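Each chain, written out:
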Number of protein chains: 2
Amino acid sequence: MEGRKMKIVIVGGVAGGASAAARARRLSESAEILLLERGPEVSFANCGLPYYIGGEIQSRDKLLVTTPERLRTRFRLDVRTLSFVKSIDRDQKMVRIKELTSGRTYDESYDKLILAPGAAPIRPAISGIDLPGIYTLRNLQDVDQIKSQVSSGIKHAVVLGGGFIGLEMVENFVKLGIATTMVERNAQVLGPFDREMTQPIFQALVAHGVDLQFNQNLASIKPSGEGLALHFESGLVIQTAMLIVGVGVKPETKLAVDAGLKIGVRGGIWVDDSLRTSDPDIYAVGDAIEVKDFVIGNETVVPLAGPANRQGRIAADNVLGGSSRYRGTQGTAIVGVLGVTAATTGASEKSLKRNDRAYRKVYVHPANHAGYYPGAEAMTLKMMFDPNTGTILGAQGVGGDGVDKRIDILAVAIQAGMTVFDLEEMELCYAPQYGSAKDPVNMLGFVAGGLMRGEHPQLDVEDLNPESGCLIDVRTPEEFAKGHIPGAVNLPVDELRSRLNELPDGKKITTYCQVGQRGYLATRILRQSGFEASNLSGGYKTYQLHQS
Amino acid sequence: MEGRKMKIVIVGGVAGGASAAARARRLSESAEILLLERGPEVSFANCGLPYYIGGEIQSRDKLLVTTPERLRTRFRLDVRTLSFVKSIDRDQKMVRIKELTSGRTYDESYDKLILAPGAAPIRPAISGIDLPGIYTLRNLQDVDQIKSQVSSGIKHAVVLGGGFIGLEMVENFVKLGIATTMVERNAQVLGPFDREMTQPIFQALVAHGVDLQFNQNLASIKPSGEGLALHFESGLVIQTAMLIVGVGVKPETKLAVDAGLKIGVRGGIWVDDSLRTSDPDIYAVGDAIEVKDFVIGNETVVPLAGPANRQGRIAADNVLGGSSRYRGTQGTAIVGVLGVTAATTGASEKSLKRNDRAYRKVYVHPANHAGYYPGAEAMTLKMMFDPNTGTILGAQGVGGDGVDKRIDILAVAIQAGMTVFDLEEMELCYAPQYGSAKDPVNMLGFVAGGLMRGEHPQLDVEDLNPESGCLIDVRTPEEFAKGHIPGAVNLPVDELRSRLNELPDGKKITTYCQVGQRGYLATRILRQSGFEASNLSGGYKTYQLHQS
């Protein structure tokens with residue numbers, strides 16, 4: 001490189017690519033930096049697209065985080081939009097570029113290449129998938145088309161896929177007054193979450209009149225009077241004006257594959273922890289790559305903006321001689337749907353099961369702030385941890401205000417390798433508008449710490465077995481009358497000490513209350529009176545989340 | 001203890017005492033637990049008192065977190081309210097109790113004693129301090145009196161002391177439409193915060209018409225036509241109907257002192273990390289004790305509900321044979337005043353200075369969530385860290401929504417011993433309603449990490465010296481025209497590369513922009529062009545916070 005400038009070529013100008021370019025310039029004024037983007041825009045707010053369709057974000061310009069012109073002026077980048085990179089010649093260290101406006105093809109050399117091609121929405125290979133009125137949601141051009149058809153007046157839309165983008169689209173259709181059907185191939189929305197934690201989202205969708213269809217596989221699409229007739233394998237047919245396909249994305253790896261770069265086991269571009277591909281002069285970042293799952297340790301593909309941005313920084317550091325490392329992803333993610341927030345970080349229970357990892361779990365159902373201050377909103381938090389060390393493995397939250405805060409706190413705890421005992425000691429902001437003297441995160445720690453120390457044995461809802469022992473509902477008779485677990489006997493906690501003689505000797509006893517707190521005390525009373533008792537984890541509320 | 005029940009006596013039935021009692025019962029069904037409270041209530045919501053006066057909390061019952069009856073029934077505690085503990089006979093292991101209703105005095109023995117007497121509001125020893133219309137705010141009786149006088153119609157009130165409770169009272173008076181004067185002995189509100197971070201609170205108070213008087217010492221109070229005439233040492237006289245004295249609290253140590261228990265250097269009851277006093281059978285918790293500052297390592301007195309509750313748990317564990325440890329306090333605290341939130345955790349800059357601890361600091365001024373989504377609110381975050389290791393020492397935040405979340409995240413980072421580099425890697429919840437792909441906490445990490453790595457040299461506002469070099473404002477001419485630092489020259493960042501020849505050789509250069517981001521790029525450009533440049537930490541916004 002002596003005697004001439006380092007030349008960095010970046011393929012893709014949205015989150016990871018734009019971050020890499022800006023970081024590279026800050027590190028090196030002398031480098032020649034070429035940013036190639038096949039679309040007309042760079043660095044647009046793709047996470048905002050559903051809200052622009054719904055009208056929450058009113059101005060299209062707001063979605064343009066920056067412009068090619070701005071990047072040129074401020075960062076002295078050679079930005080070329082509508083420029084498609086067709087191939088990489090690794091021996092010659094050249095890329096072949098097609099200028100989409102003119103059709104002209106030309107070559108550019110590189111010293112270091114950073115690939116940030118992103119991921120493409122999956123379009124199922126079924127008949128009719130290319131009919132008009134069918135959209136995926138990736139860029140401003142998609143949005144312009146959807147918005148145009150919405151403006152022309154549609155009465156009904158179908159969203160295929162209950163993931164993050166699918167749910168955001170449903171929310172925005174509901175706000176626009178468009179009758180909406182959500183169709184999901186699985187038995188739950190939000191695949192990265194454990195099913196019971198998605199129940200409040202399901203209920204919010206139902207409460208807002210969304211027609212939900214689970215376990216449905218789309219077979220074919222035909223034109224119809226309404227616009228489209230969607231035919232499902234089950235025989236279900238839905239007539240609709242518009243279909244949004246939100247069934248996930250797949251890494252854009254064609255360029256890498258054609259160049260002979262190593263592809264990972266999950267189908268993303270393989271990189272090491274410096275984000276270098278199998279070619280030492282080529283790095284890759286963002287939705288196209290495969291990274292380590294920080295908790296489980298295996299490979300994963302996580303199309304999220306936060307990691308993409310940080311990866312862009314790291315790749316730029318390393319291209320310019322640094323030694324930054326990517327620690328892997330926790331999969332921290334959040335979605336808001338019709339007033340309900342759902343967030344997750346680290347491993348889900350199902351991923352722990354899938355990977356044969358030992359774990360225990362706890363649930364709490366606290367309010368976001370002191371109950372005596374107006375406006376407290378309810379949430380459910382679930383946490384998985386190592387049964388031997390108490391190390392936190394994952395957490396999920398669903399509910400109103402403050403879910404994001406608690407999952408962020410738990411994300412940091414996972415990053416730091418903290419245990420459930422550390423949660424007991426956390427000193428968090430408390431004033432009645434903001435939290436509780438015992439914050440929901442402290443409560444998670446108390447419940448899990450009690451389990452670890454053996455003070456508070458707990459039975460999971462899945463392990464409830466009416467034949468294996470005595471099930472005692474320690475709530476009030478009024479609460480019991482409103483609904484209880486079949487087979488349960490009502491014995492309020494405040495009467496328990498004086499009615500111990502009513503309990504069968506030598507049988508296992510499971511207690512439960514509404515959220516777990518009275519059941520905990522009941523378990524303590526019973527165990528100290530010689531009974532083999534445990535508390536139903538998370539109480540009747542957790543039981544209810546597991547029903548249906 | 002063989003052959004008979006353990007008898008635990010707890011003095012004080014609010015946060016720490018009530019937590020200790022409930023925990024003790026959960027750990028031991030057999031223990032005899034006596035909870036002595038000199039007031040008529042146990043475990044009331046003292047943090048809610050100002051909001052009940054203001055009407056935000058409408059029902060007085062809401063403030064009663066639990067009742068003596070509930071504690072008796074559920075936890076089988078022997079709860080005695082209006083019971084004042086006059087003395088401890090450590091040799092005989094007895095406490096002498098005065099029944100406030102009857103005046104009767106009697107003794108109770110203990111095996112283990114837990115002191116949770118709390119802290120008393122300080123009433124300055126000045127003439128007239130006991131006149132009618134002068135209140136402190138500690139319990140429901142205080143609140144009943146204040147509310148009664150407020151209901152009778154008052155036009156003006158004075159709050160003495162700009163701490164947490166003082167500010168909360170001011171907010172509630174403003175909401176009630178009562179003209180309010182806040183008087184503070186120091187030159188800032190919120191003593192635990194660094195002064196510049198309190199400026200947004202100051203501005204909110206002024207914007208809401210609060211009359212602020214700083215650097216005023218109350219000398220005497222006389223009756224007057226309005227009710228009270230407050231005479232200050234400066235000669236200032238304020239006529240008012242009501243005076244709320246909120247100048248801090250002092251640990252209630254008389255009982256401990258009289259019993260010969262060791263008192264700490266800060267005037268609180270001395271305890272070891274198991275919360276045991278100098279008497280092995282006596283523990284102490286809550287506002288009355290002195291604990292370790294988790295960051296600085298010295299002794300501190302922190303009257304906060306969260307630590308009190310956790311200490312109650314720990315003392316109960318240890319009384320019953322456990323070995324729980326209190327790790328010290330970070331002083332995490334939050335207050336909301338007239339739409340502005342201020343929160344702090346760990347060491348302040350002034351406490352680091354006072355303790356001769358080396359530190360560096362950074363400021364960021366981000367929005368709480370993506371700017372393209374409606375309703376984004378601004379905040380300022382300040383962070384102190386170790387200049388050699390990057391270990392985070394303290395943080396403060398002020399602004400709108402989301403300040404609590406970021407300070408909680410930083411509180412966890414401090415607890416975990418994390419560094420600024422860990423902040424760069426944090427994977428937090430991101431969707432446009434909740435955060436940013438680069439969260440404010442990531443931004444703090446980037447700015448501090450750049451400082452630590454030498455990529456981003458920064459000058460603190462306090463070290464600005466117009467004579468020592470060249471000060472360049474890299475904002476636009478429009479921004480510059482609206483206000484700039486005296487002596488600064490305007491040279492927009494986008495023109496900097498082409499105008500380097502205008503800069504003086506061999507002089508130190510300081511750049512600044514609005515919040516620090518363009519100044520950072522400008523510094524990078526200049527340093528790579530051979531200039532000795534640094535960026536003004538936190539930009540013009542931070543400069544403005546330091547003015548006045």
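Above this note sits the structure.
Residues numbered from 1 in each chain as written. Chains lettered and ligands numbered in written order. Predicted model: local features only at pLDDT ≥ 70, side-chain atom pairs only at ≥ 80, totals over all residues. Heavy atoms only, no water.

Take the overall build of chain A next. Each helix and strand counted, chain A has 16 helices and 31 strands in total. Each principal axis of the C-alpha distribution contributes one length, and for chain A these read about 90 × 60 × 40 Å. Burial statistics for chain A: of 548 residues in total, 60% are counted as buried. Within chain A, contacts between residues at least 6 apart in sequence are counted, and of these 61% link residues at least 24 apart. A total accessible area of about 20,400 Å² is found for chain A, and carbon and sulfur atoms account for 48% of it. (Helix = DSSP H or I, 4+ residues; strand = E, 2+ residues; numbered from the N terminus. Buried < 20%, exposed > 50% of the residue type's maximum accessible area, 1.4 Å probe, protein only. Contact = heavy atoms within 4.5 Å. Areas by Shrake-Rupley, 256 points an atom, 1.4 Å probe, with all protein chains shown as cover.)

So, about the interface of chain B and chain A. Counting residues at the interface gives 82 residues for chain B and 82 residues for chain A. Between chain B and chain A, a total of about 7,300 Å² is buried, with carbon and sulfur atoms accounting for 54% of that surface. Where chain B packs against chain A, one counts 14 salt bridges. Counting the contacts that link chain B with chain A gives 46 residue pairs in polar contact (both at pLDDT 80 or more). When residues in the side of chain B that touches chain A are grouped by element, the largest group, nine residues, is from helix α10 (residues 403-415) of chain B. Its residues assigned to classes, the side of chain B that touches chain A comprises 37 nonpolar, 19 polar and 26 charged. (Buried area = accessible area lost by both parts, 1.4 Å probe. Salt bridge = Lys/Arg side-chain N within 4 Å of Asp/Glu carboxyl O. Polar contact = N/O pair within 3.5 Å; in protein donor to acceptor, adjacent residues only side chain to side chain. Nonpolar A, V, L, I, M, F, W, Y, C, P; charged D, E, K, R; others polar.)

Aromatic ring pairs: the centre-centre distance and the angle between the two ring planes describe each pair. Counting across every chain of the model gives ten aromatic pairs over all chains. When the centroid spacing of 6.4 Å and the interplanar angle of 50° are considered together, the rings of F164 of chain B and F193 of chain B count as tilted. Remark: F193 of chain B occurs in the loop between β11 (179-183) and α6 (199-207) and F164 of chain B occurs in helix α5 (residues 164-175); sequence separation between them is 29 residues. An angle of 20° between the planes, with centres 5.8 Å apart, marks the rings of Y540 of chain B and Y543 of chain B as stacked. Taken together, the residues Y540 of chain B and Y543 of chain B, both in helix α16 (residues 539-546) and three residues apart, mark about one turn of the helix. Residue class for Y543 of chain B comes out buried when judged on its relative accessible area of 12%. An aromatic cluster of at least three residues, connected via ring pairs, comprises Y512, Y540 and Y543 of chain A. Taking the ring centre of F294 of chain A as reference, the NZ or CZ of R327 of chain A above it sits at 4.6 Å. (Phe/Tyr/Trp six-rings, centres within 6.5 Å; stacked < 30°, edge-to-face > 60°. Lys NZ or Arg CZ within 6 Å of the ring centre and 35° of its normal.)

Further remarks concern the packing of helix α10 (residues 403-415) of chain A against helix α12 (residues 440-453) of chain A. Between two packed helices, what matters for the description is the angle formed by their axes and the separation of those axes. Residue and element names in this part refer to chain A. Look at α10 against α12: their axes get within 9 Å of each other, and the N-to-C directions meet at 55°. Looking at the two axes, α10 sits oblique to α12. Two secondary-structure elements touch here, α10 through R406, I409 and L410 and α12 through P440, V441 and L444. In terms of residue class, the contact of α10 with α12 is built from five nonpolar, no polar and one charged. (Axes fitted to C-alpha atoms, helices over the stretch in contact; angles between N-to-C directions. Parallel < 35°, antiparallel > 145°, perpendicular 65-115°, else oblique.)

The subject of this paragraph is the sheet that holds strand β19 (residues 282-284) of chain A. Residue and element names in this part refer to chain A. The strand order across the open sheet formed by five strands is β3-β2-β1-β7-β19, and the pairing between neighbours is parallel. The two strands at the open ends of the sheet, each matched to only one other strand, are β3 (78-80) and β19. Strand-to-strand twist across the sheet, computed as the mean angle between neighbouring axes with direction ignored, equals 15°. Sheet analysis places strand β1 (residues 7-11) next to strand β7 (residues 112-115), joined by four bridges and oriented parallel. (Pairing = 2+ DSSP bridges.)

Expressed as a screw operation, the relation of chain B to chain A combines 0.0 Å of axial shift with a rotation of 180°, fitting to an RMSD of 0.0 Å. Considering both components of the superposition, the chain copies are consistent with a two-fold axis. An overlap of 100% is found between the interface residues of chain B and their copies at the interface of chain A, pointing to a shared contact surface. (Least-squares fit on C-alpha atoms with pLDDT ≥ 70 in both.)

Another point: the environment of L64 of chain A. Residue and element names in this part refer to chain A. Considering the arrangement of structural elements, one finds L64 in the loop between α2 (49-54) and α3 (68-75). Judged by its relative accessible area of 23%, L64 is partly exposed. Taking the C-alpha atoms as reference points, L64 and V42, 22 residues apart in sequence, are found 7.8 Å from one another. Look past the residues within four positions of L64 in its chain and what remains in contact with it is E41, S43, F44 and L140.

This brings us to the pairing of strand β24 (residues 360-364) of chain A. All names here are of chain A. Extensive coverage of β24 is indicated by the burial of four of its five residues. Pairing of β24 with strand β25 (residues 379-385), which is carried by five bridges, proceeds in the antiparallel orientation. The residue bridging Y363 from the neighbouring strand is K382, located in β25.

Looking now at the sheet that holds strand β25 (residues 379-385) of chain B. Residues and elements named next belong to chain B. Sheet architecture is open: five strands sit in the order β22-β23-β26-β25-β24, paired in antiparallel fashion. Edge positions in the sheet fall to β22 (333-337) and β24 (360-364), since each has one partner strand and no second. Averaged over all pairs of adjacent strands, the angle between their axes in this sheet comes to 10°, without regard to strand direction. With five bridges connecting them, β22 and strand β23 (residues 340-346) associate as antiparallel partners. In the sheet register, I334 faces β23, and the bridge partner there is A343. Each of β24 and β25 touches helix α12 (residues 440-453); the most contacted strand, β24, lies at about 140° to it.

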